[in-house]
Amino acid sequence: MTSPSPSVPELRPAAFTIPGRWAGAASRGSDAPGPAPRPAGFRPDIEGLRAVAVLAVLAFHAAVPGLAGGFVGVDVFLVISGYLITGLLLREATTTGRIRLGEFFSRRARRLLPSAAIVLAVVALFGAWLTVPLRRADLEYDVLAAALSVGNWRFVAQQTDYLAAGRDESPLLHFWSLAVEEQFYLVWGPLLALTVLLVLRLVRRGRADGRGRAVRPVAAALAAVLTAGSFALSLHWTQDSVSLAYLGTPSRVWQFGVGALLALLPWHLLRGPRVLRVLVGWAGAAAIVGCVLAYDNTTPYPGWAALVPTLGTAAVILAGTPGRDGAGAAAPGPGVDRVLGLRVPRAIGRLSYNLYLWHWPVLVLVGAKFGPLSWPVKVALTAAAALPAAAVMRWVERPLRHSRTVSELPRRGLSLGLASVVIPVVLALVVGTGTLRLLGPAAPVDLQGLPPGSSDGTSLLVRTAAPAKGGPAVVPDAVQARKDFPPDGECEVAPTATTSPDCRFGVVGSPDRIVLLGDSHAGQWFSALLAIAAERRWELEELVKQGCPLPELTVVNPQLGRTYRECDTWRANALTRLKEGPKPRLIVVSTLNRYTDDRELLLQGWEKTLAPLREIGVPIVYLRDTPVPGTDVPACVSGHTDEPATCEFPRDKALWADPLADEIAAGRMPGVRTVSVNDVICPGNGRSCPAVLERILLYRDDAHLTNVAVVVLTPRLERLLTESGALPPRSAPTQDRPVTVDGWTQLLRDDFDGPAGSRPSEANWQYDLGTCYPGCPAPQWGTGEIETMTDSTANVRLDGRGALEIVPTRDAAGQWSSGRIESRRADFAPPPGGVLRIEAGIALPDVTGPAAAGYWPAFWTLGGELRNGYTGWPAIGELDIMEQVNGRDTVFGTMHCGVLDGGPCQEPRGLGSGDQPCGAECRTGFHRYAVEVDLRPGAEQVRWYLDGREHHRVTAAQMDRATWDRAVNHGLFLILNVAVGGNLPTAFGGAVTPATEPGHPMRVDYVSVATKP
């Protein structure tokens, strides 16, 4: 214990938290130096008042029953800080005629920052041991923000971002308040110094009492204006954004201002009965304690409620203010100031800054390592945190406070403060860089390379798909999952919005439209419904608002911290838009299923929403809410990539009862159907649900599916919607049903829908049979292939899941068979001066190495005149849109033209693209291969594309006009086949051997042909 001294020691930072969902939010630091308004010496009652505040806050953090309002300690510390620091600056101004800002900031730096730097450094290092990698990366960013005194704005950004919700609390959340104080005094100190300079220049009074009389009223007026403005802003922000009101510096200035007014106004000159001061002091203490006992997470805060503890603190300070005689406290007898000045409260008050700095990281990091903690355990850990707190105070804070070497020159204190910032910043950068390297790149997931999802059964993925080889343990990885949102831009509107923009996707302008309506749990299905709409050449309209229940319920939005009025307005606007706009084909609704557990209230809310939707007269499908893990799944998986089962979560907490689904099933909700994928993503009836299923990471946070999971679930959702009767089956447009969209006229679209094992559409396709064309102008198809082409479904068939399979097979005698189909139409040509586009989604045979020797899958075209027995190849033109040989990780495209040997197309090699990297993803998932024949004036070229990326081009300028016209300016027919053996595989060292494996299909998702003028 230190003895009282003539100079008033600075008030150290203390701690407090945000109620409600920020119940762990943090300590503010208040190293508020300053004497009483007159040189009356040390204020032991204020040191004891710090103890009251910090104990309340620590009890709140430890979740001690009955002390839910302990967060009001923040107000106590802010008022004390404003009082003491303003008093110190005022004393210097009145005694010296100026304020030395260098000395002021030096003193604050050497007393606050070294202790904080030690905590930051320990958290940066121990966080790397006690937390999982993804959470560790967040933590190092928190260290940077805390060290630079901007932590409050980092946490404001996180807590006002609905899409960032669900992450674990930061062990440095309590540094937000220290940032608030430092930001305030970076402005208040210079502002007060400037005021003193201007006032004293105007009045030119030399005596200290004269300077004081001149400075006090002007400074008090300035403080009053700031206090009033800040309080008004606090009230406004409390209504609109509780996190901004609680953590933002501008909305906390008024509490510093109340303390400043205590220091600036001559309260010690007030006359009145001495007993009145005793009553005022105890009333203020009662107000503080009453708030600790009465407030909880439902209290709108700060706002008007913060007035009570703020004015209560002012009353306690005022009651202990020395009177005219300057001799100690003014009030005799059992005043609250005498109780607060006892040895035990003062001892706790002296330790309060370091105790708060240490206790919160201890609670959070231990909880991160061992799971949720009970309140007695939290109390014990808080008490244990007193050990490092006392050690730092004894061996760091006190020596630096009393060091003549550090304190004699302001620049030394400032240098110490700078070092206290730099050290944790460097540690955070070092640890953070290592963590990011461990986590790997955060590039978006290549959706084209995803394994195909199963449309039925209990499996998430198609059972016949080859298992993924190598690559990441889970897809997306933990870093990717955090950012794996649906690609709908700004269409999932934020809490403050009351209307949705005109968000239309797919075939915009189509008379057929799907509407996706609901909150973010509806928005997570965007990619699936977009794919379903696009396959049918329909439009998708999205009406989605974050955190807004679709049933008409009154809720409190956690980002805004108040009744969610914007949700009610948005819901009404959305329903009106649907009622007054063009009628859609289908409305899909979905929402979080836990805004209330009152069954009757929920059903009443649903009826108010569904009634106007029924009046529209279109199918309505309720897509049941998916499991809610309630924990940060990507963070957990980042620490258990080899054992993702560790991140499973309880089924009973993840899947709530669904009254609406029950009512629909019972036939009591006419016009509404329900579908669910929960039996797949939470399979069986065990006690837990998986976070990772068949190597697919299902959740991007604590409640929403990753976009990858939704893409994989698309075939299943489409089947469920079709079977419910809400969605018609896909059909393939043919030549007698052209469709024009965005200027493109679709001549052919085949999605290969049909029962498993059936043949492709006879209206669109015909078979090539045997080993050569009729008349056999070129044996072995002219390329030396060894297979026999058949029309057997063993070689050419639909898989029942929307894909065509062409399968090379080998019989017991070693004879190879395969499939080769051609489009019945041979007149696919660009219109005069227009463009022809041919495209297919293809997954190559999933075979490589020696087992793939001789495999030759291809998607290509030939000139239509070959159908009439014409044998003028290559002059008639051949466009190889995609070829691959021997299971290599590359594909290529080629144009053949001119003469058999040499010529402008360098036959027989042709004008090829060369190897284009494709990787294993092209074997395990569908990729888009396309060619465009562009005869527009000034273009005249053929372009090859892979997944929308142009990789090869041949122009008319590369050959004479006659050769060009004969090659491309006529009708074409399409060919899909898998050859076995032949000249091309042999040229690449891939002759068929006994090791070549039959049975690996080329799968075709769709084929389309379109033209554009």
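Notes on the structure in this doc start here. Just so it is clear, the model here is predicted, and its values are computed rather than measured.

**Section: the state of the cysteines**
Step number 1: Scanning the model with the defined rule gives six disulfides in all.
Step number 2: Two residues share a disulfide in this structure: C897 and C905, whose sulfurs sit 1.8 Å from each other. With the S-S bond torsion at 95°, the cross-link from C897 to C905 turns out right-handed. C905 carries the same exposure label as C897, and that label is buried.
Step number 3: Covalent S-S linkage joins C918 and C922, the inter-sulfur distance amounting to 1.5 Å. On the sign convention where negative is left-handed, the bridge of C918 and C922, at about -85° about the S-S bond, is left-handed.
Step number 4: Take C918: its relative accessible area is 12%, and that puts it in the buried class.

**What about a nonpolar patch on the surface?**
Step number 1: On the surface, V275, L276, L279 and V280 cluster together to form a nonpolar patch covering roughly 340 Å² of accessible area.
Step number 2: The residue L276 is located in helix 10 (residues 274–294) in this model.

**Structural notes on the pairing of strand 26 (residues 890–896)**
Step number 1: Of all the seven residues making up strand 26, seven are buried; the element is thus mostly covered by neighbouring parts of the structure.
Step number 2: Here strand 26 shows a buried face lined by T890, F892, T894 and H896 and a second buried face lined by V891, G893 and M895.
Step number 3: Hairpin connection, strand 25 (residues 878–883) to strand 26: the antiparallel pair is bridged by six residues, and N886 has positive phi, about 60°.
Step number 4: Pairing between strand 26 and strand 27 (residues 911–912): two bridges, direction antiparallel. If you follow M895 over to strand 27, its bridge partner there is L911.

**Structural notes on helix 29 (residues 961–968)**
Helical geometry: 3.6 residues make up each α-helical turn, so side chains three or four residues apart lie on a common side.
Step number 1: Of the positions making up helix 29, those classed as buried are T963, W964, A967 and V968. Angular distribution of buried residues about the axis of helix 29 spans 100°; they occupy a single face of the element.
Step number 2: Looking at the buried residues of helix 29, the elements they touch are strand 26, strand 29 (927–934), strand 30 (941–946) and strand 31 (949–955).
Step number 3: The opening residue of helix 29, the one whose side-chain oxygen lies 3.3 Å from the backbone nitrogen of A962, is D960.

**Observations concerning the packing of helix 2 (residues 73–96) against helix 11 (residues 307–319)**
Step number 1: Following both chains from N to C, one finds helix 2 and helix 11 inclined at 45°, their axes separated by 8 Å at the closest point. On the basis of their axis angle, the class for helix 2 and helix 11 is oblique. Handedness of the crossing formed by helix 2 with helix 11: right-handed. Across from D75, V76, V79, I80 and Y83 in helix 2, the residues of helix 11 making contact are P309, T310, T313, A314 and I317.
Step number 2: Class assignment of the residues belonging to the contact of helix 2 with helix 11 gives a composition of seven nonpolar, two polar and one charged.

**Here we look at the pattern of salt bridges**
Step number 1: The final tally for this structure, using the stated rule, is 43 salt bridges.
Step number 2: Of the charged contacts, one joins E566 and R562 as a salt bridge, the two residues approaching to 2.7 Å between their closest N and O atoms. Judged on exposure class, the residue E566 and its partner R562 are both buried.
Step number 3: The residue R820 makes a salt bridge to D768 at a minimum N-O spacing of 2.9 Å. In this pair, R820 is assigned in strand 22 (residues 820–823) and D768 in the loop between strand 16 (765–767) and strand 17 (788–789), connecting sequence segments 52 residues apart.

**Considerations on helix 5 (residues 151–159)**
Step number 1: Here helix 5 has its buried residues at G151, N152, F155, V156 and Q159. With its buried residues spanning 140° around the axis, helix 5 presents them on a single face.
Step number 2: Each element contacted by the buried residues of helix 5 is listed here: helix 4 (133–147), helix 6 (176–203) and helix 8 (242–247).

**Here we look at the environment of L447**
Step number 1: Mapped onto the elements, L447 comes out in the loop between helix 17 (410–439) and helix 18 (478–482).
Step number 2: For L447, a relative accessible area of 34% translates into the label partly exposed.
Step number 3: Separated by 265 residues in sequence, L447 and V712 have C-alpha atoms that sit 9.3 Å apart.
Step number 4: Residues within four places of L447 in sequence aside, it is in contact with N707, V708 and V711.

**Brief notes about the packing of aromatic side chains**
Between two aromatic rings, the relevant description is the distance of the centres plus the angle of the planes.
Step number 1: Within the structure shown, the criterion is met by 20 aromatic pairs.
Step number 2: On the basis of an interplanar angle of 75° and a centroid distance of 5.6 Å, the ring pair of F60 and F71 is categorised as edge-to-face. Here F60 is found in helix 1 (residues 44–61), whereas its partner F71 is found in the loop between helix 1 and helix 2, with eleven residues between them in sequence.
Step number 3: What makes F60 buried here is its relative accessible area of 13%.
Step number 4: Given a relative accessible area of 0%, F71 falls into the buried group.
Step number 5: Summarising the aromatic geometry, the rings of F752 and W765 are spaced 6.1 Å apart at their centres and angled 25° between planes, so their arrangement reads as stacked. Within this pair, whereas F752 is found in the loop between strand 15 (744–750) and strand 16, its partner W765 is found in strand 16, the two being separated by 13 residues in sequence.
Step number 6: For W765, a relative accessible area of 3% corresponds to the buried category.
Step number 7: Through successive ring pairs, a cluster of aromatic residues spans F60, F71, W176, Y246, Y295 and Y301.

Reading guide: rules and limits
- Residues numbered from 1 in each chain as written.
- Predicted model: local features only at pLDDT ≥ 70, side-chain atom pairs only at ≥ 80, totals over all residues.
- Heavy atoms only, no water.
- Disulfide = S-S within 2.5 Å.
- Buried < 20%, exposed > 50% of the residue type's maximum accessible area, 1.4 Å probe, protein only.
- Patch = residues over 30% accessible without salt bridge, like charges linked within 9 Å, V, L, I, M, F, W, Y side chains within 5 Å.
- Areas by Shrake-Rupley, 256 points an atom, 1.4 Å probe, with all protein chains shown as cover.
- Salt bridge = Lys/Arg side-chain N within 4 Å of Asp/Glu carboxyl O.
- Helix = DSSP H or I, 4+ residues; strand = E, 2+ residues; numbered from the N terminus.
- Pairing = 2+ DSSP bridges.
- Arc of directions from axis to C-beta.
- Contact = heavy atoms within 4.5 Å.
- Polar contact = N/O pair within 3.5 Å; in protein donor to acceptor, adjacent residues only side chain to side chain.
- Axes fitted to C-alpha atoms, helices over the stretch in contact; angles between N-to-C directions.
- Parallel < 35°, antiparallel > 145°, perpendicular 65-115°, else oblique.
- Left-handed = near helix turned anticlockwise from the far one by under 90°.
- Nonpolar A, V, L, I, M, F, W, Y, C, P; charged D, E, K, R; others polar.
- Phe/Tyr/Trp six-rings, centres within 6.5 Å; stacked < 30°, edge-to-face > 60°.

By themselves, these figures tell us nothing about what the structure is for.
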